[in-house]
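Geometric and topological summary
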Amino acid sequence: MILAMMWLVIGFSLLGFAGYEYVYKGNTPGQLAWIRPNGPAPGADGQLPPGAEVVGTESFRLVMDKIGVDAPVSAYGVDENQVPEVPYEAQLVAWYNFSAYPGNGDNAVFAGHVTWRGDAVFKRLSEMQPGDHVEIQRQDGSHLVYEITDSLTVAPTDQDAQHWMLPTGADTITIITCAGERVLVPGPIGAEYDHRQVLRGVLIAVA
C-alpha cells in the first residue's frame with residue numbers, strides 16, 4: 001500500500017512539474033545500471049533491491065526517426081519534496097529511476113522539454129501516433145523497439161493523470177512533455193503549459 005501511494009504521489013507530481021520551461025537541476029548524460037531481463041526492478045527510491053544482479057553500466061539514446069529525435073538519456077530521481085527532477089538542457093531526455101529499467105518487464109518513464117528558450121527535444125512529440133516506433137539504442141549496439149499504442153493530452157489536475165506513471169506489469173514505455181497553452185507564472189520558473197502530452201508504447205522487439 002505504501003509503495004502504491006508513493007507511485008500515486010510521484011506520478012501526479014511528474015505530470016504537474018513536467019510543464020516548467022525553466023528548471024534548476026541538471027545532469028550530464030551518464031552511466032545507467034542495467035539488470036538482467038526478467039530480473040528484479042528497482043524500488044520506489046530508485047535503488048536496486050538486495051540481490052539484484054547488475055550486468056554493467058552503459059549510456060543509451062532515445063530515438064524517434066519520425067520526428068527527428070536522437071537524444072541522450074540521463075537518469076533522474078525525485079527531490080526532497082518528492083517532485084521529479086527534470087533536465088536543465090533542451091536536448092536531454094530524463095529517465096526516472098523510480099520507474100522500471102527499459103526492457104525489464106514494467107513501465108519505464110521518460111520526460112523532456114517541448115521548449116527551452118526555443119525548440120527542445122520533444123517539440124514534435126504530438127506528431128507521434130499509434131503504430132509509430134520508439135527505439136532505445138544501447139552503447140553496445142543493441143536496441144529495444146517499442147510500438148506506440150496511445151498518444152493523448154491530459155490536464156495535470158486530472159485525477160486520472162497519475163495512471164500513466166503506474167506500473168503496468170508489462171514492458172512499456174511512457175514519454176511525457178508539455179502541451180497546450182504556454183502561460184507565464186510568477187517567480188524564477190517563468191512559464192508553464194496547461195496540458196501534458198503523453199505517449200505509451202509496448203516493447204515489440206529486442207535486437
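Nothing here was measured: the structure is a model prediction, and the numbers come from that model.

Looking at the pairing of strand β6 (residues 107-111)
With 5 of 5 residues buried, β6 lies mostly within the body of the structure. What you see with β6 is no split at all: N107, V109 and A111 on one side and A108 and F110 on the other are buried throughout. Sheet topology places β6 next to strand β9 (residues 172-184); 5 bridges connect them, and they run parallel. Following the sheet pairing, A108 is matched in β9 by I173.

Let's talk about the side chain of N107
Considering the arrangement of structural elements, one finds N107 in strand β6. Here the side chain of N107 touches W164 through a polar contact of 3.1 Å, landing on its backbone oxygen. If we skip the residues at most four places from it in the chain, N107 touches S99, A100, W164, M165, L166, P167, T168, A170, T172, I173, T174 and R200.

A few points about the nonpolar core
Soluble globular proteins: nonpolar side chains tend toward being buried together. Of all hydrophobic cores here, the largest spans 24 residues; its most connected members are L62, M64, F110, V134 and I175. Broken down by secondary-structure element, the contributors of at least two residues to this core are β3 (60-64), β4 (69-76), β5 (93-96), β6, β7 (133-138), β8 (143-154) and β9.

Details of unusual backbone geometry
Phi is positive for R117, close to 55°, though the residue is something other than glycine. Structurally, the position occupied by R117 is in the loop between β6 and β7.

Digging into the pairing of β5
Judged by which residues are buried, β5 turns out to be covered on both faces: V93 and W95 on one side and A94 and Y96 on the other are all buried. Pairing of β4 with β5 involves 4 bridges; the strand directions are parallel. Each bridged residue has a counterpart across the sheet, and for Y76 the counterpart in β5 is Y96. Bridging between β5 and β6 involves 2 bridges; their strand directions are antiparallel. When the sheet's bridge partners are listed, A94 is paired in β6 with A111.

A few points about the environment of G141
Note on placement: G141 falls in the loop between β7 and β8. The class for G141 is exposed, based on a relative accessible area of 53%. Remark: the alpha-carbon pair of G141 and F60, spanning 81 residues in sequence, is separated by 9.5 Å.

Each value, and the rule that gives it
Residues numbered from 1 in each chain as written. Predicted model: local features only at pLDDT ≥ 70, side-chain atom pairs only at ≥ 80, totals over all residues. Heavy atoms only, no water. Buried < 20%, exposed > 50% of the residue type's maximum accessible area, 1.4 Å probe, protein only. Helix = DSSP H or I, 4+ residues; strand = E, 2+ residues; numbered from the N terminus. Pairing = 2+ DSSP bridges. Polar contact = N/O pair within 3.5 Å; in protein donor to acceptor, adjacent residues only side chain to side chain. Contact = heavy atoms within 4.5 Å. Core = buried A, V, L, I, M, F, W, Y, C linked by side-chain atoms within 4.5 Å.

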